[in-house]
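Examining the three-dimensional arrangement
Here is how the chains run, residue by residue.
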Amino acid sequence: MSFLDRIRACNAHDLSGFRPFELDGHRLGWIRHALADELPGVDPGFVTTAERVTIAPDIRDFEARSTLLDHAAQFLVERGTIKGLRGEHYPILPRWGAEPLMRLDRAAVAAFGIESFGLHVNGFVRGAEGVPSLWIGRRARDREIAPGQFDNMVAGGQPIGLTLDENLVKEAQEEAGLDADTARRAVPVGAISYTMEVPEGLKRDRMFVYDLELSPGATPVNTDGEVEEFGLWTLESVAESVRTTTDWKFNVNLVVIDFLIRHGHLTPDNEPDYLEIVRSLRQ
């Protein structure tokens, strides 16, 4: 396997199996054809044609649209598309920074192919020569997604009603036991995007990436039960493990590869796929 294979795995999809979900001229998501045809029977507020799915024009306000999506989310549970609702809602946005048009339970986001947002924090420590080592978490074995696999020090989806800063502080405390002042030292260094076909539908994640340098004596401590243990890895060990094993949560591969590039471990001289890797991290 290669680093590029990891990126391609997160971008494997075929849009011919999906219909656009649109509203007010904005393409918000992608819905599998079978579900698209069922939605008007779930709630007449859904309008399905051969070209697209949209919402009836008389349903205009945020709460009414969100209620419509609540009906669809419950149907997805009854249908067996998703195991259950999460009780945490994501915003549906025409673009990042815009006002939400409606909200949708996190569990149903992939079924509607909605862009979802989140943050990933690379926690690292610099050695004597300034070379960073990464704090890596192993996910708890009872996690529904990627149990027992390696993860970033801090990561989480972006729910409606929180700013990125507020979510960063919350996730850093829950996942790594970091106080707010420490969390806010994290430096935003870009974003990574991918589109991946999954059993539920289409996973369209946009991950805001942060680097957080910790002192050599600091050790992350999980407080919410989602992480089994943390370990401090050299970049050589991280790179070898990502390239040769399937031990990492699928999208964390992308964040780690990005870190390896930005910190000079992967270069145009030592990685023949360098240019395609750089281009493919932001699709």
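Criteria and thresholds
- Residue indices begin from 1 for each chain and proceed along its sequence in written order.
- Totals for whole chains, interfaces and linings use all residues, but because this is a predicted model, local features are given only for residues with pLDDT of at least 70 and pairs of side-chain atoms are given and counted only at 80 or more.
- No hydrogens and no water enter the side-chain calculation; it runs on all heavy atoms of the structure.
- What counts as a salt bridge is simple: a side-chain nitrogen of Lys or Arg found within 4 Å of a carboxyl oxygen of Asp or Glu.
- Secondary structure follows DSSP: runs of H or I at least 4 residues long count as helices, runs of E at least 2 residues long count as strands, and numbering of each begins at the N terminus.
- Burial classes follow relative accessibility: with a 1.4 Å probe on protein chains only, a residue under 20% of its type's maximum area counts as buried, one over 50% as exposed, and anything between as partly exposed.
- We call Phe, Tyr and Trp rings a pair once their centres come within 6.5 Å, taking the six-membered ring for Trp, and we label the pair stacked below 30 degrees between planes, edge-to-face above 60, and tilted otherwise.
- Cation placement over rings: the criterion is NZ of Lys or CZ of Arg within 6 Å of the ring centroid and within 35° of the ring normal.

**Details of the pattern of salt bridges**
Close approach of charged atoms allows side chains with opposite charge to pair. This model, assessed by the stated rule, comprises 25 salt bridges. Note that arginine 103 and glutamate 63 form a salt bridge whose closest N and O atoms lie 3.0 Å from each other. Note that arginine 103 is positioned in strand β6 (residues 102–105) and glutamate 63 in helix α3 (residues 62–79), a separation of 40 residues in sequence. By relative accessible area, glutamate 63 is classed as partly exposed at 42%. Where arginine 243 meets glutamate 240, a salt bridge forms, and the shortest distance between an N and an O atom there is 3.0 Å. Of this pair, arginine 243 and glutamate 240 both sit in helix α7 (residues 235–244), 3 residues apart, roughly one helical turn. Classification of glutamate 240 by relative accessible area gives partly exposed; the value is 39%.

**Thoughts on unusual backbone geometry**
The backbone of aspartate 24 shows a phi angle near 50°, a positive value even though the residue is not glycine. Position of aspartate 24 relative to the elements: it lies in the loop between β1 (18–23) and β2 (26–32). In this structure, alanine 146 takes a positive phi of about 50° despite not being glycine. On the secondary structure map, alanine 146 appears in the loop between β8 (132–139) and β9 (150–151). Classification of alanine 146 as buried rests on a relative accessible area of 12%.

**Here we look at the packing of aromatic side chains**
Across all of its chains, the model carries 10 aromatic pairs by this definition. Between the aromatic rings of tryptophan 96 and phenylalanine 117, the centroid separation amounts to 4.9 Å while the plane-to-plane angle is 50°, which identifies the pairing as tilted. Residue tryptophan 96 is found in the loop between β5 (89–92) and β6, and its partner phenylalanine 117 is found in strand β7 (residues 115–126); the two are separated by 21 residues along the sequence. A relative accessible area of 7% means that phenylalanine 117 is categorised as buried. Aromatic rings pair up to connect Phe21, Phe46 and Phe112 into one cluster. In this structure, lysine 249 is placed above the aromatic ring of phenylalanine 250, and the distance from its NZ or CZ to the ring centre is 5.0 Å.

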